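A closer look at the structure
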Amino acid sequence: MAEKLPGGHETILLVDDQETVWDFLIEALQNLGYSVILAENGLDAVEICRENPGQIDLVLLDMIMPKMGGHSTFYRIRELDPNIKVLLSSGYVAPDSVNDLLANGAAGFLQKPHRIKTLACELRRILDTPSQKTPPAPV
């Protein structure tokens, strides 16, 4: 009997420039119940976040892309929504680059290629962790 993978109903912004990765991940994530929005590069990802405030539950962010890489994309998205959850993903990236983003609020890192079980469990871990929302300023 196949193992039941954890799923959900949240909206995930997939930011990746490789079509083979999109095809696989979009189908896998939709099969787990998620809504998926695709951005082919960092510029598109920032624009999608700007146009959909509060609608994206998690960003699955590739680190190496044309137009705007993952590092710049992360900071631009966090400027728009300081509480957005971001899971970094890459096959080739310097550990210092990832550690910098993790220290600045990225929720995790997955080395490519990743197994769908690993991704499903990591998504649930991040989505089920309460956001560190900035408390409202005293009146």
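These notes cover the structure that comes with them. (Residues numbered from 1 in each chain as written. Predicted model: local features only at pLDDT ≥ 70, side-chain atom pairs only at ≥ 80, totals over all residues. Heavy atoms only, no water.)

Moving on: the packing of helix α2 (residues 42-51) against helix α3 (residues 70-80). Running from N to C, α2 and α3 cross one another at 10 degrees; their axes reach a closest spacing of 9 Å. With respect to α3, the axis of α2 lies roughly parallel. On the side of α2, the interface is formed by G42, A45, V46, C49 and R50, while α3 contributes T73, R76, I77 and L80. Class assignment for the residues of the contact of α2 with α3 results in five nonpolar, two polar and two charged. (Axes fitted to C-alpha atoms, helices over the stretch in contact; angles between N-to-C directions. Helix = DSSP H or I, 4+ residues; strand = E, 2+ residues; numbered from the N terminus. Parallel < 35°, antiparallel > 145°, perpendicular 65-115°, else oblique. Contact = heavy atoms within 4.5 Å. Nonpolar A, V, L, I, M, F, W, Y, C, P; charged D, E, K, R; others polar.)

We now examine the environment of A107. Note on placement: A107 falls in the loop between α4 (95-103) and β5 (108-111). Of the residues examined, A107 reaches a relative accessible area of 27% and is grouped as partly exposed. Placed 19 residues apart in sequence, A107 and I126 show a C-alpha to C-alpha distance of 6.5 Å. (Buried < 20%, exposed > 50% of the residue type's maximum accessible area, 1.4 Å probe, protein only.)

Moving on, we come to the packing of aromatic side chains. Geometrically, a pair of aromatic rings is defined through the distance of the ring centres and the angle of the planes. Within the structure shown, the criterion is met by one aromatic pair. Where F74 meets Y75, the ring centres are 5.2 Å apart and the plane angle is 80 degrees; that geometry is what we call edge-to-face. (Phe/Tyr/Trp six-rings, centres within 6.5 Å; stacked < 30°, edge-to-face > 60°.)

It is worth spelling out the sheet that holds strand β4 (residues 85-90) at this point. Read from one edge of the open sheet, five strands run β2-β1-β3-β4-β5, paired in parallel fashion. The strands lining the two open edges of the sheet, one partner per strand, are β2 (35-39) and β5. Direction aside, neighbouring strands of the sheet carry axes that sit 20 degrees apart on average. When strand β3 (residues 58-62) meets β4, the two strands line up parallel, connected through five bridges. Residue pairing in the sheet places L58 in a bridge with K85 of β4. (Pairing = 2+ DSSP bridges.)

Further remarks concern the packing of α3 against α4. Where α3 contacts α4, the two axes come as close as 11 Å, and the packing angle between them is 10 degrees. Classed by the angle they form, the pair α3 and α4 counts as roughly parallel. Residues G70, H71, F74 and Y75 of α3 form the contact with α4, whose participating residues are S97, D100 and L101. Residue composition of the contact of α3 with α4, grouped by class: three nonpolar, three polar and one charged.

Shape is all these values report; function is a separate question.
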